[in-house]
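Close look at the chain arrangement
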Amino acid sequence: MNYKERLIKALKGEDVDKAPAVSVTQTAIVELMDIKNAEWPEAHSDPKLMAELAIAAHEFGNLEAVRYPYCLTVLAEALGCEVNMGTKNRQPSITDHPYKKGLDREDLPENLLESGRIPAVFEATNIIKEKVDESVPLIAGMEGPITLASDLCSVSKFMKWSIKKPEEFEKLLDFATEAAVKYANGLVENGADVICVADPVASPDLMNPKDFNERLKPRLTKFAEDVQSVTVLHVCGNVTPILDMMADCNFTALSIEEKVASVRDAKDVVGDRVSLVGNVSSPFSLLSGTPDKIKDDVTRALSEGIDVVAPGCGIAPNTPLENVKALVSGRDEYYQ
Ligand SMILES: [Zn+2]
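About the criteria used
Residues numbered from 1 in each chain as written. Predicted model: local features only at pLDDT ≥ 70, side-chain atom pairs only at ≥ 80, totals over all residues. Heavy atoms only, no water. Pairing = 2+ DSSP bridges. Helix = DSSP H or I, 4+ residues; strand = E, 2+ residues; numbered from the N terminus. Axes fitted to C-alpha atoms, helices over the stretch in contact; angles between N-to-C directions. Contact = heavy atoms within 4.5 Å. Donors = N, O, S within 2.8 Å, 3.2 Å for Na, K, Ca; no water. Buried < 20%, exposed > 50% of the residue type's maximum accessible area, 1.4 Å probe, protein only. 1 Å grid on protein atoms, 1.4 Å probe; cavity = no way out; pocket = protein on both sides within 12 Å on 5 of 7 lines; lining within 4 Å. Points joined across faces, edges and corners; volume = space filled by probe spheres on them. Nonpolar A, V, L, I, M, F, W, Y, C, P; charged D, E, K, R; others polar. Arc of directions from axis to C-beta.

**Focus on the sheet that holds strand 8 (residues 275-280)**
Across the sheet, which stays open at both edges, the seven strands sit in the order 1-4-5-6-7-8-9 with parallel pairing between neighbours. Looking at which strands have only one partner, the edges of the open sheet turn out to be strand 1 (66-68) and strand 9 (308-311). Sheet twist, expressed as the average angle between the axes of neighbouring strands with direction ignored, equals 25°. The pairing of strand 6 (residues 230-234) with strand 7 (residues 253-256) spans three bridges and is classified as parallel. Looking across to strand 7, one finds that His234 is bridged to Ser255. Of the strands in this sheet, strand 8 and strand 9 touch helix 13 (residues 291-303), which is tilted by about 155° from strand 8.

In structure tokens, the structure reads:
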């Protein structure tokens, strides 16, 4: 069973010889930028550097997939958001929003897939496919439709409109969902095997579970149904209150943080609707722990039934390479 077969099967909940060890979230770290001479912020825009840095996490970090790009701003920027590109160890962030006064259009821009850094991400996909063996899966990450909708108007407006301007809120969600589907399918057409959406704004930390169920879930479901590949939904924080609803969104798998304290309980909630990915703490183990601590986390997650060994959220840029490798060797040792 090669890396790609194993990952796709594990995500689909089918039998595998061992759980894959990958990251469905951000993989770039400063040590790899130095090894490859491919640094942020340039690697967010230059397809060659983007591809090199992504491959490095497989080549030197031993992760069993190539995961790219490194931010949640590509689609938002293509739709008119202003982005601060950050620094070598700080991710890009959105600094201004095109629809602060409301969405004044119905259709997506016709040239959406030619806008901003989207062509660069597509080109990076093609470079990665050329450079790595076809047995290595490509995981493309992107902002989810809920986070995208909030980026288009600002999180504070998004929250306010959810109560005071429900029509505006719904319109934005539909627009963002359509854009997210179009971009995701563009990534798939260029060769991405797995689409992982990170949708932090859908977290119960920000939106209440009732809203998730009635207003966000239908959009996430539409996304998962319309995207022509295996899909993973990552929502940050303790998603325990919405886990059951997340499992109904038709994604192939859910990526959960360590804030979901028991993988076993989470498995009981989701049953065979989705597989579970992640749960190894990015800030407390990968960034600041020792390899032994990471191996302990991996062992616990596997013994509780995690389907894919992975960081719980994006890997922090200052994470030691040694700790990324420990995620994979921890998995190997578990099966010895
Ligand atoms: Zn997260």
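Anyway, onward from the coordinates.
**What about the coordination of the zinc ion?**
The protein atoms that coordinate the zinc ion are His234 (NE2), Cys236 (SG) and Cys313 (SG), at distances of 2.1 Å. Donor residues binding the zinc ion come from one chain and are separated in sequence as H-x1-C-x76-C. Residue Cys236 is located in the loop between strand 6 and helix 10 (243-246), and its partner Cys313 is located in the loop between strand 9 and helix 14 (321-334); the two are separated by 77 residues in the primary sequence. Looking at Cys313, the relative accessible area reads 22%, which means it is partly exposed.

**Some remarks on empty space enclosed by the protein**
Under the defined criterion, the tally for this structure stands at one cavity of 30 Å³ or more. Along the walls of the largest cavity sit Val22, Ser23, Thr27, Ala54, Ala57, Leu63, Glu64, Ala65, Val66 and Arg67, which together make up its complete lining. Those elements that provide at least two residues to the lining of the largest cavity are helix 3 (47-59) and strand 1. Here the lining of the largest cavity is built from residues that sort into six nonpolar, two polar and two charged.

**Comments concerning helix 7 (residues 155-164)**
Taken residue by residue, helix 7 has Phe158, Trp161 and Ser162 as its buried positions. Angular distribution of buried residues about the axis of helix 7 spans 110°; they occupy a single face of the element. Exposed residues lying more than 90 degrees from the buried face of helix 7 are Ser156, Ile163 and Lys164. Where helix 7 is buried, its residues meet helix 6 (145-153), helix 8 (166-190) and helix 9 (209-226).

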